[in-house]
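Listed here are the chains, written in short residue letters.
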Amino acid sequence: MNEQIILPEPDPIPLPAPYWLLKFLLVLTFILHIIAMNFALGGGFIAGITDLIGRKKSNQFYTNLSASLSKMLPIATAFTITLGIAPLLFVQVLYGQYFYTSSIIMAWPWLSVILLLIIGYYGYYIYQFNFEKLSGIRAWIVLGSAVLFAVIGLIYTNNLVLMLTPEKWAQKYFTNPHGTNLNFDDPTVIPRYLHFFVASISVAGLLVLIYGLGKINKDEKYGRWAIKYGGLWFVIGTIVQYAVGIWFLLSLKKEFLLLFMGENSLATIIFGVSVLLSLLSLILILLSFNALNPKPLAIGGIVSLFLTIAGMSIMRDILRNAYLQNYFKPEQFDVQIQISVLLVFAVVFVAGLITVGYMLSKVLKLKPTTA
Ligand code: HEM
């Protein structure tokens, strides 16, 4: 096929900080965004399904848990959005010419994210504030919102993969210049998306487990139940993830796949360590189910899993640079360091993280309401 490559000029404005620092902040804030997103998206599915099981079994534990989750979901959504803005800024600074172009090619689906987000967010609030009043249909409302969030994730994956393949832009744009394109003809889009989706279920399962750890001293039976119940979502999700992860790897072009199979030693080490950490976390969480004191094992499992997410996010970035290696030359960036801007960012960022930590500790202490 004759590929026509049209690449916009990079932004002439110099970078306000060294490339490595912006890159570090991009990956760091992406990790934070994706963890919050996992709680918001996976948490919505778990809340809805748990609610349905609670009604079917007339079991108060399930209903109590979905009531508690109903209070966490709007907060997790707010974190997802706020923590999404930071990587959005860094992506635009570093990869603007790629990100803007792909966003224009699929403009309508891309813009629809805002509408989907508003409706989904609304649904989460309706679920929280009318939990008792809505009884029968509330589970469907929260599941509806979770599906909308799942569609948002799919649109993100479409765009973030399209931005990596400038060789497809001209053909896509000239065939359909109306901004209604998607990127499903790329064989990596579905497995890559499922990798994020399944992870969100697993990580939200861990949120339930963490919630159970917080409850164990006040109500041991309920706390232990929540640890096992959330842990089970995590374990099943993670086992499914091994199959999806392999599918994603195999869907990559051979040259990219080989990066993680020895060709690039950093990528290979991070890949190996991340997979081992995910296994460790699976084992520790399973062991915590019947332990006399589940806390140390569960905390070990949670830490291992968060390190896995960090490792996978770094791999994702290595993959992005590999895709763009023929176009993206970081050494060509002009840099004009703006210390004052960087300092303001650092102070606000740290203060923001402290606030988030404080709010999370408050949420975890919430008393379950009965329905
Ligand atoms: C419920 C809503 C959201 C969901 C489910 C979601 C999901 C995702 C997913 C799955 C990815 C990774 C896609 C991939 O690499 O294939 C992603 C990346 C990203 N998201 Fe979100 N997102 C949401 C909201 C937002 C919002 C509101 C913003 C911005 C304000 C945002 C900013 C970003 C950015 C900038 C990236 C890419 C970062 C990078 O490439 O390093 N997200 N999101």
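Residues numbered from 1 in each chain as written. Predicted model: local features only at pLDDT ≥ 70, side-chain atom pairs only at ≥ 80, totals over all residues. Heavy atoms only, no water.

Student: Quick one: what's the story with a nonpolar patch on the surface, residue by residue and with numbers?
Tutor: Together, Trp108, Leu111, Ile114, Ile118, Tyr122 and Ile126 give the surface a local cluster of nonpolar side chains, amounting to about 660 Å² of exposed area. Counting through the fold element by element, Ile118 comes out in helix H3 (residues 107-129). (Patch = residues over 30% accessible without salt bridge, like charges linked within 9 Å, V, L, I, M, F, W, Y side chains within 5 Å. Areas by Shrake-Rupley, 256 points an atom, 1.4 Å probe, with all protein chains shown as cover. Salt bridge = Lys/Arg side-chain N within 4 Å of Asp/Glu carboxyl O. Helix = DSSP H or I, 4+ residues; strand = E, 2+ residues; numbered from the N terminus.)

Student: Give me the site of the ligand: which residues, what numbers.
Tutor: Taken together, the neighbourhood of the ligand is formed by 23 residues, with His33, Tyr156, Arg192, Arg316 and Arg320 sitting nearest. Within the side chain of Thr157, an N or O atom sits 3.1 Å from an oxygen atom of the ligand. The side chain of Arg320 places a nitrogen or oxygen atom 2.8 Å from an oxygen atom of the ligand. Elements with a contribution of two residues or more to the shell around the ligand: helix H1 (19-57), helix H2 (60-105), helix H5 (138-162), helix H7 (189-215) and helix H11 (294-323). The element that contributes the greatest number of residues to the shell around the ligand is H2, accounting for seven residues. Of the residues assigned to the shell around the ligand, the class counts are 15 nonpolar, five polar and three charged. (Near = heavy atom within 4 Å. Polar contact = N/O pair within 3.5 Å; in protein donor to acceptor, adjacent residues only side chain to side chain. Nonpolar A, V, L, I, M, F, W, Y, C, P; charged D, E, K, R; others polar.)

Student: Outline the packing of H7 against helix H8 (residues 220-251), listing residues and values.
Tutor: The geometry of H7 relative to H8 is characterised by a closest axis approach of 7 Å and an angle of 165 degrees between their N-to-C directions. With respect to H8, the axis of H7 lies roughly antiparallel. By crossing handedness, the relation of H7 to H8 is classed as left-handed. When the residues that make up the contact of H7 with H8 are grouped by side-chain class, the tally is 21 nonpolar, 12 polar and two charged. (Axes fitted to C-alpha atoms, helices over the stretch in contact; angles between N-to-C directions. Parallel < 35°, antiparallel > 145°, perpendicular 65-115°, else oblique. Left-handed = near helix turned anticlockwise from the far one by under 90°.)

Student: If you had to explain the coordination of the iron atom of the ligand to someone new, which residues and values would you point to?
Tutor: Just one protein atom donates to the iron atom of the ligand; it is His33 (NE2), sitting 2.1 Å from the metal. You can see His33 is positioned in helix H1. (Donors = N, O, S within 2.8 Å, 3.2 Å for Na, K, Ca; no water.)

Student: Summarise empty space enclosed by the protein; cite the residues concerned and give the values.
Tutor: Per the stated rule, a full pass over the model turns up two cavities of 30 Å³ or more. Considered as a void within the structure, the largest cavity measures approximately 40 Å³ in volume. Contributing to the lining of the largest cavity are Leu160, Met163, Leu164, Arg192, Arg316 and Arg320. Roughly 30 Å³ of internal volume is contained in the second largest cavity. Lining the second largest cavity we find Leu26, Val27, Phe30, Ser313, Arg316, Asp317 and Arg320. Elements supplying a minimum of two residues to the lining of the second largest cavity: H1 and H11. Sorting elements by how many residues they give to the lining of the second largest cavity places H11 first, with four residues. Per-class residue counts for the lining of the second largest cavity are three nonpolar, one polar and three charged. Residues from two domains meet in the lining of the second largest cavity; each of domain 1 (19-186) and domain 2 (208-334) gives at least three. (1 Å grid on protein atoms, 1.4 Å probe; cavity = no way out; pocket = protein on both sides within 12 Å on 5 of 7 lines; lining within 4 Å. Points joined across faces, edges and corners; volume = space filled by probe spheres on them. Domains from an automatic or database assignment.)

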